[in-house]
Amino acid sequence: MEEKEKKEGIEWVRTHCARMDHGGCALLVGVDRKENRIVQVKGDPEGFLNRGYICPKGVISPDRLTHPDRLRSPLKRVGERGEGKWTPVSWEEALEETAVAFNRIRETHGARAVAFGVGMPKGLEHFVLIRLANLFGSPNVVASQDVCHAPREITGIHTCGFYPVADFHQRSRLAVLWGSNITSTNEEGEICSLPLKQLKEGMDLIVVDPRKTDLAEKAKYWLPLRPGTDHALALAFLNVVIEESLYDRDFVEKWTHGFEDLAVHVRPYTPENMAGITWVPADRIREAARFYARSKPAVIQWGNPVEHNIHTFDITRALLCLMAVCGNLAVPGGNVEAVDPKIMGLGEFVRADLIPDKRKDMISAHHRVIPRLMTIAPAYFRKAVLEDVPYPVRGFYAMCSNPMLSYADSRLTYEAFRKLDFVAVADLFMTPTAAMADIVFPVASQFEFDDIGHYGIGHGYVLARPKVVDPPEGCWPDMKIMNELGKRMSPPELWHDDYREFLADLLKPSGLTYEQFAEKGYLKGPDRFRAYEAKGFRTPTGKVELRLSVAEKLRLKPLPEFSGLPEEEEPGYPLILTSAKSRYYLHSSYRWLDRFRKLRPRPKVEIHPETAARSGIAEGDEVVIETKNGSIVQYAELTDRVDRRTVNASHGWWFPEDSPESQYGWRKSNFNILTSAAPLGKEYGTPNLRAVGCRIRKASS
Ligand code: SF4
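The rules behind the values
- Residues take numbers from 1 onward in each chain, read along the sequence in its written order.
- Where local features are concerned, this predicted model is filtered to residues with pLDDT of at least 70; where side-chain atom pairs are given and counted, the filter is 80 or more; whole-chain, interface and lining totals use all residues.
- Calculation of side-chain values draws on the structure's entire complement of heavy atoms; hydrogens and water are dropped beforehand.
- Two strands are said to pair when DSSP picks up at least two bridges between them.
- Numbering goes from the N terminus for both helices and strands, where a helix is a DSSP run of H or I of at least four residues and a strand is a run of E of at least two.
- For helices, the fitted axis covers only the stretch in contact; all axes are lines through C-alpha atoms, and the angles between them, taken along N-to-C directions, range from 0 to 180 degrees.
- Per-residue accessibility, obtained with a 1.4 Å probe over protein chains only, is compared with the maximum for each type, and a residue is labelled buried under 20%, exposed over 50%, and partly exposed between these values.
- The contact definition used throughout considers only heavy atoms, calling two residues in contact when any of these lie within 4.5 Å.
- Only Phe, Tyr and Trp rings are paired, with Trp represented by its six-membered ring, and only when their centres lie within 6.5 Å; those with planes under 30 degrees apart are stacked, over 60 edge-to-face, the remainder tilted.
- By convention a nonpolar core is built from buried Ala, Val, Leu, Ile, Met, Phe, Trp, Tyr and Cys residues, the set being connected through side-chain atoms within 4.5 Å.
- Take the residue count of a helix, subtract one, and multiply by 1.5 Å to get its expected span.
- For this analysis, a salt bridge means a side-chain nitrogen from Lys or Arg found within 4 Å of a carboxyl oxygen belonging to Asp or Glu.

(A) The arrangement of the sheet that holds strand β22 (residues 575-580) in detail. Pairing in this closed barrel of six strands is mixed, and the strands run β22-β26-β23-β25-β24-β27 around the ring. Strand-to-strand, the axes of this sheet are offset by a mean angle of 45°, without reference to chain direction. In the sheet, strand β24 (residues 622-627) pairs with strand β27 (residues 692-698) via four bridges, with the strands oriented antiparallel. When the bridges of β27 are listed, V624 appears paired with R697.

(B) The environment of L223, seen in detail. The residue L223 is located in strand β11 (residues 221-223) in this model. The exposure class assigned to L223 is buried, which follows from its relative accessible area of 0%. Distance from L223 to V207, taken between C-alpha atoms, is 6.1 Å for residues 16 residues apart in sequence. Among residues more than four places away in sequence, those in contact with L223 are I206, V207, V208, D209, L233, F237, V280, R284 and A288.

(C) Representation of the packing of aromatic side chains within the structure. Considering all chains together, one arrives at 34 aromatic pairs under this definition. Look at Y585 and W653: their rings are 5.4 Å apart centre to centre, the planes differ by 80°, and that puts the pair in the edge-to-face class. Taken together, the residues span a long stretch of sequence, with Y585 in the loop between β22 and α27 (594-599) and W653 in the loop between β26 (646-650) and β27 at a distance of 68 residues. Across this residue pair, the class does not change: Y585 and W653 are buried. Note on W592 and W654: the rings are 6.0 Å apart at their centroids and 55° apart in plane angle, and the pair reads as tilted. Residue W592 is located in the loop between β22 and α27, and its partner W654 is located in the loop between β26 and β27; the two are separated by 62 residues in the primary sequence. Each member of the pair, W592 together with W654, is buried.

(D) Examining helix α19 (residues 378-387) more closely. With respect to burial, α19 is a largely interior element, seven of its ten residues being buried. All of the buried residues in α19 are P378, A379, Y380, F381, R382, A384 and V385. Contacts from the buried residues of α19 go to β6 (114-118), β7 (141-142), α18 (363-366), β15 (395-399) and α21 (410-419). Where α19 terminates, the next one or two residues include D388, which has phi positive at roughly 60°.

(E) The arrangement of the pairing of strand β9 (residues 174-178) in detail. Most of β9 sits out of view: five of its five residues are buried. Every second residue of β9 is oriented toward a common face, with L174, V176 and W178 on one face and A175 and L177 on the other, all of them buried. In this sheet, strand β10 (residues 204-208) lies alongside β9 in parallel orientation, the contact comprising five bridges. Note that in β10 the partner of W178 across the bridge is V208. Note: β9 against strand β13 (residues 298-302), five bridges, orientation parallel. Looking at β13, one finds that L177 is bridged to Q301.

(F) Highlighting the nonpolar core. In terms of nonpolar packing, the biggest core is built from 133 residues, with F349, F381, Y397, F441, I481 and I625 touching the most fellow members. For this core, the leading source of residues is helix α5 (residues 125-136), giving eight residues. Residues contacting I625, with those up to four places away along its chain left out, are L577, V605, G630, S631, I632, Q634, A649, L674, C694, R695 and I696. Membership of the second largest hydrophobic core comes to 63 residues, among which are V165, Y247, M274 and L320.

(G) Just α5, in detail. The end-to-end C-alpha distance of α5 is 16 Å, a good match for the 16 Å that twelve residues give at a rise of 1.5 Å each. Among the twelve residues of α5, twelve are classified as buried, and the element is accordingly described as predominantly covered. The positive-phi residue at the C-terminal boundary of α5 is G137, with phi of around 105°.

(H) Structural detail: the pattern of salt bridges. By the definition in use, this model includes 53 salt bridges. Two residues, E201 and R171, come together in a salt bridge whose shortest N-O distance is 2.7 Å. Residue E201 is found in the loop between α8 (193-200) and β10, and its partner R171 is found in the loop between β8 (164-166) and β9; the two are separated by 30 residues along the sequence. For E201, a relative accessible area of 37% gives the class partly exposed. Looking at R171, the relative accessible area reads 53%, which means it is exposed. Of the charged contacts, one joins K524 and D527 as a salt bridge, the two residues approaching to 3.0 Å between their closest N and O atoms. Ionic contacts of the salt-bridge type, sharing partners, join the residues R211, K604, E606 and E637 into one network.

Below you can see the structure in the form of structure tokens.
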């Protein structure tokens, strides 16, 4: 086989997947050097996270590189904004025009009037963007961290001094997938292959999910909770564990602060009291809570639905308290602190020292969000653009993101884009967001430049993503674009001659060159278990703070509580809307890839057959979904995987085949037309992305 491949000129390169989700699978990529073309991608059996596993997105990932609609030249808007009229320009012109526009805004309104936006972190460019903002002088980096990652991480830091991630590298007796459909999403540093292996070897499973997912069918307990009531369920777990003395007495006595207060506080949260709220029968809650407490070690893989409503602080606090009192924090096979390898720290890389007043000056500080949140919640960014609150924002640079689809209440996002003085967007393809730009930069994608993955997301390792093929002429890596913009918008000596020096900077403490790092494949920090025994927890009390000692100072609730449903119930909207991610797409990406569109050609809304029958809806019908905020259409899939009282719509849909002047049909099926940015959770500025009241009807009726 090898001989044949050699003859055919196929070379196999080791790298890591990226940009189809958080990435992490080690890959073997077959490349035809003569043609500069990838011919096959397969999982690398030696990958420490995936052990040869690869998902459909990984297999299809090279299609992004050769797609005929890929952007291959910088574009400048020539018509009205959003009119879909463009002319190709040189890189020099695109960079200069962008820099001049942002510099002008800085002169008129101050540096903070330019915001820098990013979506899901994919590679090192995420941190180069923060560096660009810092060096430009703007404290405003806009990211959807309010609904992804920050609540888990920051609440974790306040509660126990670190961000507890699921440790699937060691044996667990039990895994709780709490809002984590990991076989579809492989989210945030956790590839499903590791837990699946443990399941085969006898690990038990509890699934907390409104939908009957594939893994819910295999679980010992599936708890189909009402969307948005995670805190009620977690508090009921705490009630059972404490009332029945199932907690880890030794750990609680030595290493927790406020246990007595918590014990009194959770008394009313009995399974019987919470059953009506969560829809989970009391005896099932009780049995599952007992099972979690008695299975040691047990790991909770918490997905980002726990961050998708205004009560995310209570939800994450309750889950952290549960991990702690059951003795599952910082133990092998539990929820652990991941330690970075020897690489450059984030603050140094992004030059945080050059913007010392950032915490006080950033938009969200004026909304009094939790001070550790260093990015701006999208709702607050838009308020600055549309209402000049707390001050005006007039320029926006967006990269690796599609805010027209991904921010709650898309119509407000559209209005904000219309109002901005200047918008630059870097992307692979035209998107609804790129269609609202003044300048569009065409980027190089994964496989086309050297990169480092998983930096800064708290999982304790970094992954080498060496280049496999050359990008098309005219496409630049985001890092290179920002390195060149940076020279035009801030002191040039703070930027590099060649953007690849960012990789070298990051690796300097490890003593490795990028080539040596790529040869190794990854760097992982040491396992750290029970570090508190030597030094205590990194909290003000040195213990896990079941009762938060900083609550008064930071205006936080000292103990987690259930303060109500995310939304008041309204008779006109009797169903509860939620959403789930598809295994074929990443948020709003990749609708242009034919092989995915064949598998999932249009947005589906899952409806229970009885609910559908009441509205005269049949399989495949076009369905109007309405909330108080707006209406969209999606296509009915009738299934008993969802409860009769809920509907599960698809997220992130737009239509690349539609016209640029309609911004590619961003209104038709876009889930965020249905969501609202009022109210917002006060700790993180989080909107309700799920558990929204809705009604449905057949499109023609
Ligand atoms: S699971 Fe994620 S990292 Fe692995 S191949 Fe699929 S998209 Fe890539």
